[in-house]
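One letter stands for each residue in the lines below.
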Amino acid sequence: MKTVRLFLLSTIFLLLFNEPIISIVNDATLLGGIPRLYVYVLLVWVLLIGLIAYCVRQTPPSDNALPNDD
C-alpha cells in the first residue's frame, strides 16, 4: 500500500512540475519581492518532501513484534 501511495504522490507532483502548470505561474508577478515561479516551485517541493515523509513514516504495527522480556 505504501508503494502505491508513493507512486501516486510522485505522479501528482510530476504533473505539478510539468510544462502546462509551470507556464501558468511563470510571469513577472512578484510575491514579497520573489518571482511567483520561484515561490510555486519551492512550495510544491516542500509539500512533496513533507508528504513523502508522512507516507514513509506511517507504518502499520508489525505482527512480528518481539515479545517483552518482563
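One can find the structure itself at the top, above this paragraph.
The text that follows walks through the structure, step by step, so that each part is easy to find.

Conventions and cut-offs
- Residues numbered from 1 in each chain as written.
- Predicted model: local features only at pLDDT ≥ 70, side-chain atom pairs only at ≥ 80, totals over all residues.
- Heavy atoms only, no water.
- Helix = DSSP H or I, 4+ residues; strand = E, 2+ residues; numbered from the N terminus.
- Buried < 20%, exposed > 50% of the residue type's maximum accessible area, 1.4 Å probe, protein only.
- Contact = heavy atoms within 4.5 Å.
- Core = buried A, V, L, I, M, F, W, Y, C linked by side-chain atoms within 4.5 Å.
- Expected span 1.5 Å × (residues − 1).
- Arc of directions from axis to C-beta.

1. Remarks on the overall build of the chain
Across its full length, the chain carries 3 helices and 2 strands. Moving toward the C terminus, one meets the helices and strands of the chain in the order α-α-β-β-α. Looking at the chain as a whole, 13% of its 70 residues qualify as buried. Residue pairs at least 24 apart in sequence account for 58% of intrachain contacts in the chain once pairs closer than 6 positions are excluded.

2. Brief notes about the nonpolar core
Listed in full, the 9 residues of the largest apolar core are Leu9, Phe13, Ile22, Val25, Leu37, Tyr40, Val44, Leu48 and Cys55. Contributions of two or more residues to this core are made by helix 1 (2–16), helix 2 (19–25) and helix 3 (36–57). Sort the elements by how many residues they give to this core and helix 3 lands first, with 5 residues. Excluding anything up to four places from it in sequence, valine 25 contacts Arg36, Leu37 and Tyr40.

3. Section: helix 3
Over its 22 residues, helix 3 extends 32 Å from the first C-alpha to the last, a length consistent with the 32 Å expected when each residue adds 1.5 Å. Listed in full, the buried residues belonging to helix 3 are Leu37, Tyr40, Val44, Leu48 and Cys55. Along the long axis of helix 3, the arc covered by the buried residues comes to 65°, so they all point the same way. The exposed residues of helix 3 that point more than 90 degrees off its buried face are Tyr38, Leu43, Tyr54 and Arg57. Those residues of helix 3 that are buried lie in contact with helix 1, helix 2 and strand 2 (34–35).

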